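Summary of structural features
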Amino acid sequence: MRVIGTAGHVDHGKSTLILALTGIDPDRLKEEKERGMTIDLGFAWLRLPSGQEVSIVDVPGHERFIKNMLAGVGGIDIALLVIAADEGVMPQTREHLAILDLLGIDTGVVALTKSDLVDGDWLDLVQADVEEVLAGTTLAAARVLPVSSTTGAGLDALRDELDRLLAAERRRRQTGWPRLPIDRIFTIAGFGTVVTGTLVDGELRVGQEVEIVPSGRRARIRGLESHRQRVEQSPAGNRLAINLSGLSTEDVQRGEVVTAPGWLRPTVAIDVRLRVVADAPKPLAHNARVTFHTGAIESHARVGLLDRQEVPPGESAWAQVRLDRPVAAVKGDLFVLRLPSPSVTVAGGTIVDDHPKRHRRFQEPVLQQLAILERGTPEEVLLQTLRGREPAELGALAKRAALTTPEAAALAQRLAANGSLLALDSGAGGVLTPQTHLVSAQGWERIVGAVRRELAAYHGEHRLRRGMPKEELRKRLAHDTRVFARIEHTLLQESVIAEDGPLVHLPEFAVRLTPKEEARAETFLGELRRLGIAAPGRGELQATYQLADELLQTLIDRGTVIEVGQDLVYDAATYGELVERTVGLIREHGQLTVGQMRDAFATSRKYALALLEHLDERRITRRVGDERVLI
């Protein structure tokens, strides 16, 4: 299904023309009937000579209702610019044309209505004036057709031109995620809340759970209609009425977006490439207050220019737009800016980043990054989107880059093959899934550099420790547990780090004692051997022989000292003898109690119990009641 949108000055006959073409009066409000002009959006549909059916969105022409016009014009395929032949081009004609130009709508036709009220010479002058106004806009090639909604003259030619234009397939962006900006909300007795809009992306179906963004409310699609016909599902491009279960009309606002749950994050800042309209009343200044329009939403905003102090009419610039409230927008969406005073359309353009960081002005690297996001190859755009957010899951990256997951996966595979990108956790055969974490080559170099610096600093500060606890490294790198596990796995694969149980260290690192420390350790070991099983607690020993905790831990790591309990250590030779004698006693008697061991070793119950529990942990012995047996 395709969508035609009207545009033009107030009282130039847009609604009357639609009524003549379709038999449907798009003016639905009582006030519109009384005042004889469109105030809000109107809707109709038309079957063309070829048999294809199209939707028509009728927009208000009065300058006070431009925001309503903007709410309906975003999802159209073809513009029907209506100009009254007896008045010609008027102020809202020019503003509507500027809006169509900013939104990139390059297919359309001009209907010169009320042509029955003027003579041929006047009609020729008006037609020439219209063609001059169209020159230099996206509708420069549009045909200008005189029509009369009263007599019917020219209506067949207009239908044929619309049919011809619609024969060319419009290539819509397909990310795979449905998006329907809500432009109308009402209730139907017995059915509940209904919202309407143009499905600009993805697909919707009856029974599907949806999310209303930015409010985050959830609902289920009870029913779908297109042109008052029930449908079970709809692809992008259709005008739809959606019956939502679980929401009241107070729960939904114009400008919110119906979408699949969980992927579309509201934003309050966007990076944009904007262009000031050629007949703007003044340059657009840095920090100008504006109203921002995209889809069907309107928000007050401030424009921060990134590469200049002001933008003269007809020129372009990079900017960051900071919004007064969250909006649902994605990279690639088009927008329009209007000045509050005078109330006029001043600029528009394309969103190049929907969740940017705050930028300093006049920074060449920032401007280069934005240029890549706007005009780079798909691979360059994917890499640029990844940078600053890495590692990132493929699925999340695809959403930020406005790509389908298969498209992003194919690009990532090519980038991985040429070394520009690294997949930290690809599946079997290198298959990338939406959960695969990706990092650019430069990003991986930064991670490796940070790991090396952190470990080198740790080794310098704790040279007698075998390594840094993995959890401490994770916290220093500021990654969550799942991402760190992927990073650690890749670091080990590439031999950036080595693993020692719960610790990690640089591969070239080894604990080395100074001669003084070696001498102190040897004295300590000699005393342990002399004391045998009767050695005092470890704390007392360390204090007596001035042995630091880290030096003792080094001896334990070497295996020259055995830690039997929290406060009990033996030299390796004494420990071996104790184990051998214990095993011998059990073999001799078939079992051994703590008391029997205490008596056999002429020691205290504390030492006997600690040694037996240690042997239980090593699975040399096993406790059965109050006795130990061999395993």
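To be clear, the structure that these remarks concern was listed above.
Let me begin by describing the structure that accompanies this report. (Residues numbered from 1 in each chain as written. Predicted model: local features only at pLDDT ≥ 70, side-chain atom pairs only at ≥ 80, totals over all residues. Heavy atoms only, no water.)

1. Some thoughts on helix H6 (residues 155–167)
The test is simple: A run of H or I in DSSP becomes a helix once it reaches four residues, and a run of E becomes a strand once it reaches two; helices and strands are each numbered from the N terminus. By definition here, a helix of n residues has an expected span of 1.5 Å times n minus one. Buried, partly exposed and exposed residues are distinguished by accessible area as a fraction of the type maximum, computed with a 1.4 Å probe on protein chains only: under 20%, between the cut-offs, and over 50%, respectively.
The terminal C-alpha atoms of H6 lie 18 Å apart, and with 13 residues this matches the ideal 18 Å at 1.5 Å per residue to within 8%. Of all the positions in H6, only Leu155, Leu158, Arg159, Glu161, Leu162, Asp163, Leu165 and Leu166 are classed as buried.

2. Re helix H18 (residues 594–601)
An α-helical segment advances 3.6 residues per turn. Residues three or four places apart therefore align on the same side. How we decide: Note that the arc is computed from the directions linking the helix axis to the C-beta atoms. Contact definition: two residues touch when any of their heavy atoms are within 4.5 Å.
Every buried residue of H18 is listed here: Val594, Gly595, Met597 and Phe601. Along the axis of H18, the buried residues cluster in a sector spanning 165 degrees; they form a single face. Its buried side turned inward, H18 meets helix H17 (572–589), strand E33 (592–593), helix H19 (605–617) and strand E35 (627–630). Count one or two residues on from H18 and you reach Ala602, which has phi positive near 50 degrees.

3. Looking at the pairing of strand E31 (residues 561–565)
Stated precisely, the cut-off is as follows: At least two bridges found by DSSP between two strands is the condition for calling them paired.
The buried count for E31 comes to four of five residues, which makes it a mostly enclosed element. The turn linking E31 back onto strand E32 (residues 568–571) is made up of two residues.

4. Brief notes about the pattern of salt bridges
To keep it simple, the criterion reads: Throughout this description, the term salt bridge denotes a Lys or Arg side-chain nitrogen within 4 Å of a carboxyl oxygen of Asp or Glu.
Within this structure, the stated rule accounts for 33 salt bridges. Among the ionic pairs, Asp101 bridges to Arg275, the shortest N-O distance being 3.0 Å. One end of the pair, Asp101, is in helix H4 (residues 91–102); the other, Arg275, is in strand E17 (residues 267–276), and 174 residues separate them in sequence. As a salt-bridge pair, Arg218 and Glu209 come within 3.4 Å of each other at their nearest N and O atoms. Judged by relative accessible area, Arg218 falls into the partly exposed class, the value being 43%. Several salt bridges share partner residues, and in doing so they unite Arg143, Glu161 and Arg164 into one network.

5. Remarks on the side chain of Ser234
Rule in force here: Distance and chemistry together define a polar contact, namely a pair of N or O atoms within 3.5 Å, with one atom able to donate a hydrogen and the other to accept it when in protein, and with adjacent residues in sequence counting only for side-chain atoms on both sides.
Among the structural elements, Ser234 can be located in strand E14 (residues 233–235). Residue Ser234 is classed as buried on the basis of its relative accessible area, which comes to 2%. Polar contacts involving the side chain of Ser234 include one to the side chain of Asn238, which spans 2.9 Å. Contacts of Ser234, omitting those with residues within four sequence positions, involve Leu199, Gly202, Glu203, Leu204, Leu224 and Leu240.

6. Things to note about the environment of Leu612
Mapped onto the elements of the fold, Leu612 is located in helix H19. In this structure Leu612 comes out as buried when scored by relative accessible area, which is 0%. Separated by 460 residues in the primary sequence, Leu612 and Gly152 place their C-alpha atoms 106 Å from one another. Leave out the neighbours within four places in its chain, and Leu612 touches Thr582, Leu592, Thr593, Val594, Met597, Thr621 and Arg628.

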